[in-house]
Amino acid sequence: MFYYVLKYVILGPLLRLLFRPRIEGLEHIPEEGAAIVAGNHLSFSDHFLMPAIIKRRITFLAKAEYFTGPGLKGRLTAAFFHSAGQIPVDRSGKDAGQAAIREGLGVLNKGELLGIYPEGTRSHDGRLYKGKVGVAVMAIKAQVPVVPCAMVGTFEIQPPGKVVPRIKRVTIRFGEPLDFSRYAGMEDQKAAIRAVTDEIMYAILGLSGQEYVDEYAAKVKAGQAEQTKKFPRLRR
């Protein structure tokens, strides 16, 4: 119940007023039935802006850290994500990916919309990074369409480290649903799930116009953090 109050009464109207989002291709979101909305992830604001403009309820697999943060900010963040019906996923450990897939399939099996960021983390520099294959496994196993989505301008309004977003217009684009029924039964084949994931990322790239990096964002960020430790002057 609170999800709809938040969406239609409190947060949704406020976000539309402040950011005046240009919305393109909203008709590609199916009016009913299970589907995956796969988007790029540029900003913390993405968590609010995309759900606010989609008519149907959409459930995201959110990182567990959003539910366990310390202090007042942590409690408020956790309360928001819980009230919005988002599912915490522990991304640590070797079984983290399988846990996320199980949770996602549970949403799809109920005929609902599942939101996912295939990059697995926010882009730290505005570029689009290689997608993780969990989205492909779910799409093939559940036999549901994947709607690509591109957030444009959200990196500029709230880049990493910026708490309060700038008030600036953004664009949200949805592409035509991608059908992967030809891969039915192939969710355990590495070549198949890599091909599906790359097709999804290519569709997002076509909508966003970002520069593409054929590496995982988390790996690149970790490498840069390690370099900064070794060479502290690079922080300047």
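This report concerns the structure included in the present document. Counting restarts for each chain, with residues numbered from 1 along the sequence as it is written. The predicted nature of this model means local features are confined to residues of pLDDT at least 70 and side-chain atom pairs, given and counted, to a pLDDT of 80 or more, with totals for whole chains, interfaces and linings taken over all residues. Values reported for side chains reflect all heavy atoms of the structure, with hydrogen atoms and water molecules removed beforehand.

**What about the nonpolar core?**
Of all hydrophobic cores here, the largest spans 32 residues; its most connected members are Ile-36, Leu-108, Met-138, Val-146, Phe-180 and Ile-200. Helix numbers and strand numbers start at the N terminus; a helix is a DSSP run of H or I with at least 4 residues, a strand a run of E with at least 2. When residues of this core are traced back to their parent elements, those giving at least two are strand 2 (35-39), strand 4 (87-89), helix 4 (96-109), strand 5 (113-116), helix 5 (134-142) and helix 7 (190-208). Buried residues of nine kinds, namely Ala, Val, Leu, Ile, Met, Phe, Trp, Tyr and Cys, make up a nonpolar core once their side-chain atoms join them within 4.5 Å. The rule is simple: take the accessible area with a 1.4 Å probe, protein chains only, and divide by the maximum for that residue type; under 20% is buried, over 50% is exposed, in between is partly exposed.

**Some thoughts on the pattern of salt bridges**
Basic side-chain nitrogens of Lys or Arg form a salt bridge, by our definition, when they fall within 4 Å of a carboxyl oxygen of Asp or Glu. Going through the model one piece at a time under the given rule, you end up with five salt bridges. Residues Arg-127 and Glu-211 are paired through a salt bridge, measuring 3.4 Å at the closest nitrogen-oxygen approach. Of this pair, Arg-127 sits in the loop between strand 5 and strand 6 (128-129) while Glu-211 sits in the loop between helix 7 and strand 9 (212-213); the two residues are 84 residues apart in sequence, bridging distant segments of the chain. The salt bridge involving Arg-194 is made with Asp-198; its shortest N-O contact spans 3.1 Å.

**Quick notes on the environment of Leu-15**
Within the secondary structure, Leu-15 sits in helix 1 (residues 2-19). A sequence separation of 185 residues divides Leu-15 from Ile-200, and the C-alpha atoms of the two residues are 27 Å apart. Note on contacts: a residue pair qualifies if any of its non-hydrogen atoms lie within 4.5 Å across the two residues. What Leu-15 contacts, discounting residues up to four positions off in sequence, is Arg-20, Pro-21, Phe-48, Leu-49 and Ala-52.

**Digging into the sheet that holds strand 5**
At least two DSSP bridges between two strands are required for those strands to pair. Spatially, the seven strands line up as an open sheet ordered 1-8-7-2-5-3-4, and their pairing is mixed. Edge positions in the sheet fall to strand 1 (22-24) and strand 4, since each has one partner strand and no second. Across this sheet, the average inter-strand angle for adjacent strands is 25°, counted without regard to direction. Where strand 3 (residues 58-63) meets strand 5, three bridges bridge the pair, whose relative direction is parallel. Following the sheet pairing, Thr-59 is matched in strand 5 by Leu-114. A fitted line through C-alpha atoms represents every axis, and for helices the fit uses only the stretch in contact; the resulting angles, taken between N-to-C directions, go from 0 to 180 degrees. Set on the sheet, helix 2 (residues 46-53) makes contact with strand 1, strand 2, strand 3, strand 7 (146-152) and strand 8 (171-174); between it and strand 8 the angle comes to about 60°. Against the sheet, helix 7 engages strand 2, strand 7 and strand 8, with an angle of about 35° to strand 7.

**Structural notes on unusual backbone geometry**
Residue Arg-20 is not a glycine yet carries a positive backbone phi of 40°. Along the chain, Arg-20 falls in the loop between helix 1 and strand 1.

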